[in-house]
Amino acid sequence: MEKWFNVGKIVNTHGIRGEVRVISKTDFPELRYKVGNTLYLFMPGSNKPIELIVKTHRTHKNFNLLTFEGLENINDVEKFRDGIIKVPESQLADLEEDEFYYHEIIGCLVATTSGKEIGKVTEILSPGANDVWVIKSSEGKEILIPYIKDVVKKVDVKEKVILIDPMEGLLP
């Protein structure tokens, strides 16, 4: 069975020419929303995807605005509101060394290089220069770890283990 990965959510229409407003959940909007690319829309309560081909893409404020081939006006796309845009696993691009998809990192066990277990990655924040991994400890505390070479020493997505060398003051 094909695995699907969220790319974004259609939250509204934009104008009257069939443009939709998307809150993006992808690390690669320029790749996912490329003109001619095929995306799959899953509506709430349905597990049968609607195939859509990107006709145009632009950004406006914090949104990605898309139109799709054959859907020329607001009446064609209004029904897509609240739909989730996904891509199949087969469309995931290969990444460079030391690059990871969010779904590969979330759920990984984090430990120090000396063997002390810290917790599991529950979320990834992208506040600016580098990502920040949110780790939930066994006591339920949230610990923020910057994804930088000085701290993150080894990431093994197959074994779901991350080794860190925490800077002074990073851990409680």
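As shown above, the structure is provided for reference.
Notes on the structure follow. Throughout, a residue's number is its position along its own chain's written sequence, starting from 1. Where totals are concerned, whole chains, interfaces and linings use all residues; where local detail is concerned, this predicted model gives features only for residues with pLDDT of at least 70, and gives and counts side-chain atom pairs only at 80 or more. Calculated side-chain values reflect all of the structure's heavy atoms, with hydrogen atoms and water omitted.

### Some thoughts on the environment of Val-87
Numbering goes from the N terminus for both helices and strands, where a helix is a DSSP run of H or I of at least four residues and a strand is a run of E of at least two. In this fold, Val-87 is placed in strand β6 (residues 84–88). Note on Val-87: relative accessible area 1%, which makes it buried. Linking Val-87 and Leu-41, residues 46 residues apart in sequence, is a C-alpha distance of 8.8 Å. Those residues in contact with Val-87 that sit more than four places away from it in its chain are Lys-3, Trp-4, Phe-5, Val-7, Arg-32, Leu-39 and Leu-92. Any residue under 20% of the maximum accessible area for its type is buried, any over 50% is exposed, and the rest in between are partly exposed; the area is computed with a 1.4 Å probe on protein chains only. Only heavy atoms enter the contact rule, under which two residues are in contact if any of them lie within 4.5 Å.

### Overview of the layout of surface pockets
Here a cavity means grid points, on a 1 Å grid over the protein atoms only, where a 1.4 Å probe fits yet cannot get out; a pocket means an open set of points with protein on both sides within 12 Å along at least five of seven lines; lining residues are those with an atom within 4 Å of a point. Grid points are joined across faces, edges and corners, and a volume is the space filled by probe spheres set on the points. The volume enclosed by the largest pocket comes to roughly 270 Å³. Residue lining of the largest pocket: 13 residues in total, with Phe-5, Asn-6, Lys-25, Tyr-102 and His-103 positioned closest to the centre. Those elements that place two or more of their residues in the lining of the largest pocket are β1 (4–14) and α3 (102–105). The element best represented in the lining of the largest pocket is β1, accounting for three residues. The residue makeup of the lining of the largest pocket, split by class, is seven nonpolar, three polar and three charged. By the convention adopted, Pro, Cys, Tyr, Trp, Phe, Met, Ile, Leu, Val and Ala count as nonpolar, Lys, Arg, Asp and Glu as charged, and the other residues, Gly among them, as polar.

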